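Each chain is listed here by its residues.
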Amino acid sequence: MAKNNTITLYDLQLASGCTISPFVWATKYALAHKGFDLDIVPGGFTGIAERTGGRSERLPAIVDDGHWVLDSWLIAEYLDEKYPDRPTLITDPSVKPLTEFMEGWLWRTAIGPWFAAYIVDYRDLSLPVDHQYVTETRERMLGGRKLEEVSKEGKAKLAEVPPTLEPFRAVLKTNKWLGGDKPNYADYRALSVFLWCASVAAIPPLTEDDPLRDWLDRAFDLFPGVGGHAGGLGRHPGMHTLFGLKLKEGDPEPFVKAGAIGGLQTRNTGIASTKAETDQITGKAEAPAAS
Ligand SMILES: N[C@@H](CCC(=O)N[C@@H](CS)C(=O)NCC(=O)O)C(=O)O
């Protein structure tokens, strides 16, 4: 049983002390959801194996009263199994595969292009001792290309990302949380993509008026006081704002502004409910101009 209601978390931090790793972010939220206080072991990319006593080269890792758990999903499963009387993270067996699917999509859709765009900031914001390691390993991850070259190209294409997040906006339009009335581990895994981004986004990736803002702001504000700084867990002073992307002429519309229409996003409750769509596809009404 966690001593003093506290679990030790090995963090992966930038020079500001803010967490960078999406896996560590998801774990911080998971521990807070279970009602634990965090005993944070600080540090960056260098020396993970030494910090963890030779146990791991990846983070997060937790230690619960002497018991080590090394992987973010294994940590969430461990917490639910060990502490079944506290709020559940993985509320149903279907949550895990569905969340893995959603997260895989979000990594491809958002983390991929954002990793490219912010890779120089990622390196420059890391601890000075990590700069060389981050440069070498991330250039290798990027197929041997220079971080500066990838980042310049990625930043020029930032405006292409928001429109691709529309399926996620559609879900959050009609659901307060992915977990329903309350957030669950699916929310924290999706959130970890945006927390990671806010830790490195020297210029914002989303427009001021992005409808995702409601869910994001509520999620960043969760668990005030747990991170050891003012405001919610996601409000570490080292974080950057996600909102304020300036669009240039020719950039695509960042999100769908007209009302939702069509099979996925509307419920068929009878002929009146599908009339607008029927009028469009039968030519009785003009379809809105494609953006
Ligand atoms: N499957 C692991 C993945 C953990 C992982 O890959 N962490 C990355 C940070 S995002 C790491 O520790 N990287 C160390 C490095 O790049 O040297 C989990 O879910 O916890």
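Summarised in this report is the structure supplied together with it. If you're wondering where the values come from, they're calculated on a predicted model, not measured in any experiment. (Residues numbered from 1 in each chain as written. Predicted model: local features only at pLDDT ≥ 70, side-chain atom pairs only at ≥ 80, totals over all residues. Heavy atoms only, no water.)

### Considerations on the site of the ligand
Close to the ligand lie 14 residues; Leu59, Asp71, Ser72, Tyr133 and Arg138 are nearest. Here the ligand, which alone exposes 520 Å², has 80% of that area covered by the protein. Put simply, the parts of the chain that give the shell around the ligand at least two residues each are helix H1 (22-33) and helix H5 (131-141). Within the shell around the ligand, the residues separate by chemical class into eight nonpolar, two polar and four charged. (Near = heavy atom within 4 Å. Areas by Shrake-Rupley, 256 points an atom, 1.4 Å probe, with all protein chains shown as cover. Helix = DSSP H or I, 4+ residues; strand = E, 2+ residues; numbered from the N terminus. Nonpolar A, V, L, I, M, F, W, Y, C, P; charged D, E, K, R; others polar.)

### So, the packing of aromatic side chains
All told, the structure shown has 15 aromatic pairs when counted by the stated rule. Pairing Trp114 with Phe194 gives two aromatic rings, centres 5.8 Å apart and planes at 70°, and the pair type is edge-to-face. Of this pair, Trp114 sits in helix H4 (residues 95-125) while Phe194 sits in helix H9 (residues 185-200), and the two are 80 residues apart along the sequence. Look at Trp114 and you get buried, because its relative accessible area is 0%. A residue is classified by how much of its surface remains accessible, and Phe194, at 0% relative accessible area, is buried. Taking the centre distance of 5.2 Å and the plane angle of 85° together, the rings of Phe168 and Trp215 count as edge-to-face. In this pair, Phe168 is assigned in helix H8 (residues 166-174) and Trp215 in helix H10 (residues 213-220), connecting sequence segments 47 residues apart. What makes Trp215 buried here is its relative accessible area of 2%. By the ring-pair criterion, three or more aromatic residues cluster together here, those being Trp25, Tyr29, Tyr188 and Phe223. (Phe/Tyr/Trp six-rings, centres within 6.5 Å; stacked < 30°, edge-to-face > 60°. Buried < 20%, exposed > 50% of the residue type's maximum accessible area, 1.4 Å probe, protein only.)

### Side note on the sheet that holds strand S2 (residues 37-41)
Read across the open sheet, the four strands follow the order S2-S1-S3-S4; overall the sheet is mixed. One side of each edge strand has no neighbouring strand; the edge strands of this open sheet are S2 and strand S4 (67-69). Strand after strand, the sheet turns through a mean of 25° between neighbouring axes, direction not considered. Relative to strand S3 (residues 61-64), strand S1 (residues 6-10) runs antiparallel, the two being bridged by three bridges. Note that in S3 the partner of Thr8 across the bridge is Val63. The strands that H1 touches are S1, S2 and S3; relative to S1, the one it contacts most, it runs at about 175°. This element, helix H3 (residues 72-82), spans S1, S3 and S4 of the sheet and lies at about 25° to S3. (Pairing = 2+ DSSP bridges. Axes fitted to C-alpha atoms, helices over the stretch in contact; angles between N-to-C directions. Contact = heavy atoms within 4.5 Å.)

### Some points on unusual backbone geometry
Here the bond from Leu59 into Pro60 is cis, since omega is 15°, no more than 30 degrees from zero. With respect to the secondary-structure elements, Pro60 resides in the loop between helix H2 (48-51) and S3. Phi angles above zero are rare outside glycine, and Asn4 is one such case at about 50°. By the element assignment, Asn4 lies in the segment before S1. Given the relative accessible area of 72%, Asn4 is considered exposed.

### Describing the pairing of S2
As judged from the five bridges shared by S1 and S2, these two strands associate in the parallel manner. Directly across from Thr8, in S2, lies its bridge partner Asp39. Traced from S1 through H1 to S2, the parallel crossover comes out right-handed. (Right-handed = clockwise from strand over helix to strand, strands pointing away.)

### Examining the packing of H4 against helix H6 (residues 147-156)
The geometry of H4 relative to H6 is characterised by a closest axis approach of 5 Å and an angle of 130° between their N-to-C directions. Overall, the two elements H4 and H6 adopt an arrangement that is oblique. In this structure, the crossing between H4 and H6 has a hand that is left-handed. Contacts from Ala116, Ala117, Tyr118, Ile119, Val120, Asp121 and Arg123 in H4 reach Leu147, Glu148, Val150, Ser151, Gly154 and Lys155 in H6. (Parallel < 35°, antiparallel > 145°, perpendicular 65-115°, else oblique. Left-handed = near helix turned anticlockwise from the far one by under 90°.)

### As for H9
Spanning 16 residues, H9 covers 23 Å between terminal C-alpha atoms, matching the ideal 22 Å at 1.5 Å per step. Of all the bends in H9, the largest measures some 30° and sits at Ser192. Taking burial as the measure, the 16 residues of H9 include 16 buried ones, the bulk of the element. The N-cap residue of H9 is Asn184: its side-chain oxygen and the backbone nitrogen of Ala186 are 2.9 Å apart. (Expected span 1.5 Å × (residues − 1). Bend = angle between axes of the 7 residues up to and from the residue. Polar contact = N/O pair within 3.5 Å; in protein donor to acceptor, adjacent residues only side chain to side chain.)

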